[in-house]
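Okay, here's what each chain looks like letter by letter:
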Amino acid sequence: MSERILDIKNLSVTFGGLHALRDLNFHVDEGEIVGVIGPNGAGKTTFFNMISGMVTPSSGDILFEGKSIIGLDPNQVTQRGISRTFQNVRLFANMTIAENVMVSQHCRTKQGVWGALFNTPGFKKEEKEIREHAEKVLGFFGTRLIGYRLEQPASVLSYANRRRLEIARAMATSPRLLLLDEPVAGMNPKESAELTDLIGKLRSEWGFTIVMIEHDMNVVRDVSDRVVCLDHGETLAQGSFEEVSNNPEVIEAYLGRPLEKKSAS
Amino acid sequence: MSATIATDTAGQGMPEAVSKGAFDLDWANVAKSGSIAALIMTFIALSGMPDGLDARPIVDGVRVLTIGYLTLFAVPLAFGWMIGNEVVLEGMVATKRGPRDLVAGAAVGALGGVGLTLLVVLMSNFDLRDPLVNWSPQLFNLLTFDSGVGVGVWVWILIGAVLGAIGASLRLLPAKIRRAVIVMFLTVVGFSVLQGLIDDIVGNVGETIRDPGRFSEFFGEGDTPRPRVDSVFDPVINFIYSQTGGLKLVGAIVLALVAGALSLSGRGRIKAAKASYNAKTGPERTKQTSIMIGITAVLLILLPFFSGKIVNELLANVGIFLLLALGLNIVVGLAGILDLGYVAFFAVGGYTTAVLTAPKPGDAWPEWLPTLPWWGALLVTVVFAAITGLMIGAPVIRMRGDYLAIVTLGFGEIIRLLFLSDWLKGYFGGAQGITNIPAADFGPLGTVSGVDPRSVFYLVLVFCALAIYVSWRLERSRLGRAWMAIREDESVAEAMGINTVNVKLMAFVVGAVLASFSGAIFSAKVGSIFPSSFLILVSIIILVVVIVGGMGNIMGVIVGALVLIGVLGGPKQPGLLQEFSEYKLLIYGALLIWMMLKRPEGLVPNVRRSRELHQDEFLQDAWLKGEVDTDDEDGELATEVAPA
Ligand SMILES: Nc1ncnc2c1ncn2[C@@H]1O[C@H](COP(=O)(O)OP(=O)(O)OP(=O)(O)O)[C@@H](O)[C@H]1O
Ligand SMILES: [Mg+2]
């Protein structure tokens, strides 16, 4: 059995009186791709915010590679090896595409003021490595984000490309666990099919373990080993895609959404 | 509203502009703009500017062409120009330019003039001198052109209408001609305003060309003063300038014509040169850059020899504030931390240097306090500034935006009050400050003190060059990228692994160190420092320099410092336009408001910053030009075509 990379125990968070997450138990094994589904407002993004240190849980524990990451600042969590994307695409819009990916290597590099001022060999070497790594990561998405695009500001990108750049930026932090928040939202079927493929490659070629929030059931079905359904901050069901999607409670939670039709196809 | 909505959007390309009748205007808007113009003109008149600056002729002999009158004339001109501004959004059709613009301009200008007419009428009937100090007979005479109420009641309406129409007519000119006209106007005004400077420098250069021996005198080596010789440029200067101040009429016309001709013929060339420079890459570009830097350096080193003492003093002041602005630019422009207490580091730099170099800074200091040479004190000052940066930074750095601004403002005052306090009077002299600060001695290189502004200029030049180098290197480094990321979105920057606290503290410390250099030079230059040299006003003026110049842009900050500090003057230092000193803050404020509304990216914009501030327009423009990547097909194809 592979190792537990992420282990979440009895995790709860409340905003005022609202229980955004309630007594959540959840784990991810090394090399898994886990899909997180659930209706709007179920607490999925809150769940990511908590793992990445942006929200502090009111109780419970999060173990990453056996060590608690509760109370760590987001940058420390990233340093430990967890990286994320944002549901509402939050790129550094006025930095170039290359810079977006270069800046997220911050916690893996160390040159400071002296190196920059005296242009030391160490500084030059590190800059070169940062740049090369950035180009390598961007090259993962084909030619869309490299070449002449490298020096363009992120704000000129199309929506789909912004999503790709978000993923690239998260990849560049060299994480072991990658949290993707609705990676294909707003993409057309062709684009999302292609990204589904790439998500598979993120595991097979880059060795990332992945937790992915997604509303698009086709994507969830195609790529996840295991699916967790949240509703009102609670786990409704866990298991394979078939098990979860046929769970009556899940179907109820999704009532009004074409889950049955999709899962039947 | 007469906004035009496109009825035909099916057609390809840009729709035809519609033409409208001359009086088919948005009259409500004209009335609104006109009233604003009237208010502004009345305000300017009562601020005392026209009267105070009336003594500065632009063209000698033409009564109304003085800087004083210009402050009033500028308003209808500007409003006439602005009223023709039409926002054309997607799906809207532009209106054809034509007599309609002239009518609108004239109407706005005339309405503006009505403001002054009312003022004239009121002034002739009431005396409100008590609350309004400038409600004076002089102003009355100025407004009525010495011809009494009879003229005063109509003349400004006429002037307003004519100037408004002229302003609007600029819109009708082809872009190239319009640019030439504006260049001509600015050249004439600029030459007249900078008369002292030009006279001084050109005169000295001319004298040196005639008598090269004078050059050695600049080094203080000539034993006896050499006899005065005529400058070779005297004929030119005498042709342009009148003895009594201002341009000669013929000189002004010739200047304008030359400027216009240069603008028409030169622009293409400047553009081409720029393009060829930008097209160069690698070593060739480095070479060209080095040549340009070299030429600038030589010019800057030679400049003080040819400019008089007053100009050198001014340049030294510009340098001191430029150094501060460059430091603040790292904090505000790059890292996006709005520090309103920046003057604190300037004060710490100044006081530390003063305490360490003055023979007897205060009674309370222990015996062992050394008296160091300036450069020795500088080393300690840097350390002290860095520590102060950390100490002020640590508690405030976790705050964001407005909160941080307010708290830094408080810290800036606290530092000044500490220096002012009776509690530390034995150390810092309270309100009396520290007075016996010696000149900075650099051995064989000479000494730097306030009596020799040229030496201060050189010292400041060295440190500004250092600050520019530091900004330039850091901007392109790991740290600089982290600063930019924080400026863009702090939470995301943190989530991407940037330790925002450390990185922001670093910006604070680098800024503090640069400010302390400035403080150290300041204390050696002035020879005495008081808490009153470090008012909040300093922070604010530096911030205005950074904002007006163009946040995050080194070139912009330099231009900002030259224009604001050089021409208008620093918080206490006079600028080139001494007459403006009284209105300095008014102009600073007005400029800041205008810049924030119309050009938030500053005079010399940082490309990024400008994009950030005009996001919508930028995106729309880019979309219209087809630059935005609207779909993925290109990428798709490229991936498929590219061999795996
Ligand atoms: N910072 C916050 N303060 C208060 N309430 C919050 C906060 N963040 C989230 N919530 C609430 O917590 C609940 C869960 O929100 P969350 O964003 O996690 O949902 P989600 O599952 O990601 O939904 P969606 O599918 O729409 O993205 C919502 O009711 C939301 O309003
Ligand atoms: Mg969400």
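Residues numbered from 1 in each chain as written. Chains lettered and ligands numbered in written order. Predicted model: local features only at pLDDT ≥ 70, side-chain atom pairs only at ≥ 80, totals over all residues. Heavy atoms only, no water.

Enquirer: Break down the overall build of chain A for me, citing the residues and quoting the values.
Expert: The secondary structure content of chain A amounts to eleven helices and ten strands. Here chain A has a C-alpha radius of gyration of 19 Å; the compact-globule value for 265 residues is 18 Å, and the two agree. When its C-alpha atoms are laid out on the principal axes, chain A stretches across 65 × 40 × 40 Å. Burial analysis of chain A (265 residues in total) assigns 58% to the buried set. Residue pairs at least 24 apart in sequence account for 67% of intrachain contacts in chain A once pairs closer than 6 positions are excluded. A total of about 10,700 Å² of accessible surface is found on chain A, and carbon and sulfur atoms cover 50% of it. Distance from the positive charge centre (30 side chains) to the negative charge centre (34 side chains) of chain A: 6 Å. (Helix = DSSP H or I, 4+ residues; strand = E, 2+ residues; numbered from the N terminus. Rg over C-alpha atoms; globule rule 2.2 N^0.38 Å. Buried < 20%, exposed > 50% of the residue type's maximum accessible area, 1.4 Å probe, protein only. Contact = heavy atoms within 4.5 Å. Areas by Shrake-Rupley, 256 points an atom, 1.4 Å probe, with all protein chains shown as cover. Lys, Arg positive; Asp, Glu negative; His and termini not counted. Charge placed at Lys NZ, Arg CZ, Asp CG, Glu CD.)

Enquirer: Describe the coordination of the magnesium ion (ligand 2), with residues and values.
Expert: Residue and element names in this part refer to chain A. At this site the magnesium ion (ligand 2) is bound by Thr45 (OG1) and Gln87 (OE1), with donor distances of 1.8 to 2.1 Å. With Thr45 in helix α1 (residues 44-51) and Gln87 in the loop between β6 (82-84) and α3 (97-103), this residue pair connects regions lying 42 residues apart in the sequence. When its relative accessible area of 26% is taken as the criterion, Thr45 is described as partly exposed. (Donors = N, O, S within 2.8 Å, 3.2 Å for Na, K, Ca; no water.)

Enquirer: Which residues make up the domain arrangement of chain A, and what values go with them?
Expert: All names here are of chain A. The domain architecture assigned to chain A consists of domain 1 (1-81 + 176-195 + 211-258) and domain 2 (90-175). Here domain 1 and domain 2 have C-alpha centroids that lie 27 Å from each other. Summing the contributions of domain 1 and of domain 2, the shared interface buries around 1,200 Å²; its carbon and sulfur component is 60%. The largest contributions to the domain 1 side of the interface with domain 2 come from Gln79, Leu178 and Met187, which together make up 31% of the buried area. Salt-bridge contacts for Glu194 lead to Arg144; the nearest nitrogen and oxygen are separated by 3.2 Å. Counting across the interface, domain 1 meets domain 2 through five residue pairs in polar contact (both at pLDDT 80 or more). Within the side of domain 1 that touches domain 2, the residues separate by chemical class into eight nonpolar, four polar and five charged. (Domains from an automatic or database assignment. Buried area = accessible area lost by both parts, 1.4 Å probe. Salt bridge = Lys/Arg side-chain N within 4 Å of Asp/Glu carboxyl O. Polar contact = N/O pair within 3.5 Å; in protein donor to acceptor, adjacent residues only side chain to side chain. Nonpolar A, V, L, I, M, F, W, Y, C, P; charged D, E, K, R; others polar.)

Enquirer: Go over the site of ligand 1 with me, naming the residues and quoting the values.
Expert: Residues and elements named next belong to chain A. Taken together, 13 residues form the shell around ligand 1, and within it Asn40, Lys44, Thr45, Thr46 and Gln87 come nearest. Between ligand 1 and Gly41, the relevant distance is 2.9 Å, taken from an oxygen atom to a main-chain nitrogen or oxygen of the residue. Between ligand 1 and the protein, one listed contact pairs an oxygen atom with a side-chain N or O atom of Thr45 at 2.6 Å. A total of 630 Å² of accessible area belongs to ligand 1 in isolation, and the protein chains cover 62% of it. Broken down by secondary-structure element, the contributors of at least two residues to the shell around ligand 1 are β2 (18-29) and α1. The element contributing the most residues to the shell around ligand 1 is α1, with three residues. Across the shell around ligand 1, the residue classes tally to four nonpolar, seven polar and two charged. (Near = heavy atom within 4 Å.)

Enquirer: Would you mind going over the domain arrangement of chain B in detail, with residue names and values included?
Expert: Annotation of chain B at the domain level lists domain 1 (27-172), domain 2 (193-279) and domain 3 (309-546). When each unit is reduced to the centre of its C-alpha atoms, the spacing between domain 2 of chain B and domain 3 of chain B is 36 Å.

Enquirer: Lay out the sheet that holds strand β3 (residues 33-37) of chain A with the relevant residues and their values.
Expert: Residues and elements named next belong to chain A. Taken together, six strands build an open sheet; the order of strands is β6-β7-β8-β3-β9-β10 and the sheet is mixed. The strands lining the two open edges of the sheet, one partner per strand, are β6 and β10 (234-239). Adjacent strand axes in the sheet meet at a mean angle of 20°, parallel and antiparallel pairs treated alike. Of the strand pairs in this sheet, strand β9 (residues 226-231) and β10 are connected by five bridges, and their pairing is antiparallel. Bridge pairing links Asp231 to Glu234 in β10. Sheet contacts for helix α7 (residues 189-204): β3, β7 (177-181) and β8 (209-213); angle to β8, the most-contacted strand, approximately 150°. (Pairing = 2+ DSSP bridges. Axes fitted to C-alpha atoms, helices over the stretch in contact; angles between N-to-C directions.)

Enquirer: Please give an account of the confidence of the model for chain A that cites residues and values.
Expert: Residue and element names in this part refer to chain A. Of the residues in chain A, 95% reach a pLDDT of 70 or more, and the chain-wide mean stands at 89. The weakest mean pLDDT in chain A belongs to helix α11 (residues 259-264) at 47; the strongest belongs to β6 at 95. Confidence drops under a pLDDT of 50 for residues 259-265, and excluding neighbours within four residues, the segment shows twelve contacts in the predicted structure. (pLDDT = per-residue confidence, 0-100.)

Enquirer: Run through the packing of helix α18 (residues 453-475) of chain B against helix α21 (residues 500-526) of chain B, naming residues and quoting values.
Expert: Residue and element names in this part refer to chain B. Viewed as axis vectors pointing N to C, α18 and α21 meet at an angle of 175°, and their least axial separation amounts to 11 Å. On the basis of their axis angle, the class for α18 and α21 is roughly antiparallel. Here Val456, Leu459, Val460, Phe463, Leu466, Ala467, Val470 and Leu474 of α18 come into contact with α21, specifically with Val510, Leu514, Phe517, Ile521 and Lys525. Here the residues of the contact of α18 with α21 are counted per class, giving twelve nonpolar, no polar and one charged. (Parallel < 35°, antiparallel > 145°, perpendicular 65-115°, else oblique.)

Enquirer: Can you explain the interface of chain A and chain B? Please cite residues and give values.
Expert: With 49 residues of chain A at the contact, the number on the chain B side is 40 residues. Together, the buried faces of chain A and chain B total about 3,900 Å²; carbon and sulfur atoms form 53% of this surface. Summed over the shared surface of chain A and chain B, the number is two salt bridges. Here Asp489(B) and Arg90(A) are joined by a salt bridge, their closest N and O atoms 3.1 Å apart. In this assembly, chain A and chain B are joined by twelve residue pairs in polar contact (both at pLDDT 80 or more).

Enquirer: Which residues make up the pattern of salt bridges, and what values go with them?
Expert: Residues and elements named next belong to chain A. Summed over the entire model, instances satisfying the criterion amount to 20 salt bridges over all chains. With its nearest N and O atoms 2.6 Å apart, the salt bridge here joins Glu65 to Arg176. You can see Glu65 sitting in the loop between β4 (59-64) and β5 (67-68) and its partner Arg176 sitting in the loop between α6 (159-171) and β7, a full 111 residues away along the chain. Residue classification places Glu65 among the partly exposed residues on the basis of a relative accessible area of 36%. Arg131 is the partner of Glu135 in a salt bridge, and the nearest nitrogen-oxygen pair spans 3.1 Å.

Enquirer: Tell me about the confidence of the model for chain B, residues and numbers included.
Expert: All names here are of chain B. Model confidence for chain B is summarised by a mean pLDDT of 83, while 89% of its residues fall at 70 or above. Contacts from residues 1-12, a stretch scored under 50 in pLDDT, to residues over four places away or in other chains number 15 contacts. Interface scoring of the predicted complex returns ipTM 0.91; its pTM is 0.85.

Enquirer: Please set out a positive patch on the surface residue by residue, giving values where relevant.
Expert: All names here are of chain B. Positive charge collects at one region of the surface, where Lys176, Arg179, Arg267, Lys271 and Lys274 lie side by side. Those elements that provide at least two residues to the positive patch are α7 (175-193) and α11 (249-279). Mapped onto the elements of the fold, Lys271 is located in helix α11. (Patch = residues over 30% accessible without salt bridge, like charges linked within 9 Å, V, L, I, M, F, W, Y side chains within 5 Å.)

Enquirer: Please provide a residue-by-residue account of the packing of aromatic side chains, values included.
Expert: Residues and elements named next belong to chain A. All told, the structure shown has 24 aromatic pairs over all chains when counted by the stated rule. The ring of Phe86 carries the charged tip of Arg90 above its face, separated from the ring centre by 5.1 Å. Its end group placed over the ring of Phe92, Arg169 keeps NZ or CZ at 4.8 Å from the ring centre. (Phe/Tyr/Trp six-rings, centres within 6.5 Å; stacked < 30°, edge-to-face > 60°. Lys NZ or Arg CZ within 6 Å of the ring centre and 35° of its normal.)

Enquirer: Any chance you could break down the side chain of Gln105(A) for me, citing the residues and the numbers?
Expert: Residue and element names in this part refer to chain A. Of note, Gln105 is situated in the loop between α3 and α4 (113-118). For Gln105, a relative accessible area of 5% corresponds to the buried category. In this view, Gln105 contacts Glu129, Ile130, His133, Ala134 and Ala172; residues no more than four positions away in its chain are not counted.

Enquirer: Hey, could you go over helix α12 (residues 282-306) of chain B for me, with residue numbers and the actual values?
Expert: Between the first and last C-alpha of α12(B) there are 37 Å, a value that for 25 residues agrees with the 36 Å anticipated at 1.5 Å per step. Taken together, the buried positions of α12(B) are Pro304(B), Phe305(B) and Phe306(B). (Expected span 1.5 Å × (residues − 1).)

Enquirer: Could you give an account of the nonpolar core, with specific residues and numbers?
Expert: One finds Leu143(B), Trp156(B), Trp374(B), Leu474(B), Trp483(B) and Ile521(B) to be the most contacted residues of the largest nonpolar core, which totals 159 residues. Setting aside its immediate chain neighbours within four residues, Leu143(B) contacts Leu72(B), Leu116(B), Leu119(B), Val120(B), Met123(B), Val155(B) and Trp156(B). Among the nonpolar cores identified, the runner-up in size contains 37 residues, and Leu91(A), Ala170(A), Ala172(A) and Ile210(A) belong to it. (Core = buried A, V, L, I, M, F, W, Y, C linked by side-chain atoms within 4.5 Å.)

Enquirer: Summarise the sheet that holds β5(A); cite the residues concerned and give the values.
Expert: Residue and element names in this part refer to chain A. One open sheet holds the four strands; their spatial order is β2-β1-β4-β5, and the pairing between them is antiparallel. Of all strands in the sheet, those with a lone pairing partner are β2 and β5, marking the two edges. Two elements, strand β1 (residues 4-15) and β4, share five bridges in a ladder whose sense is antiparallel. Following the sheet pairing, Ser12 is matched in β4 by Ser59.

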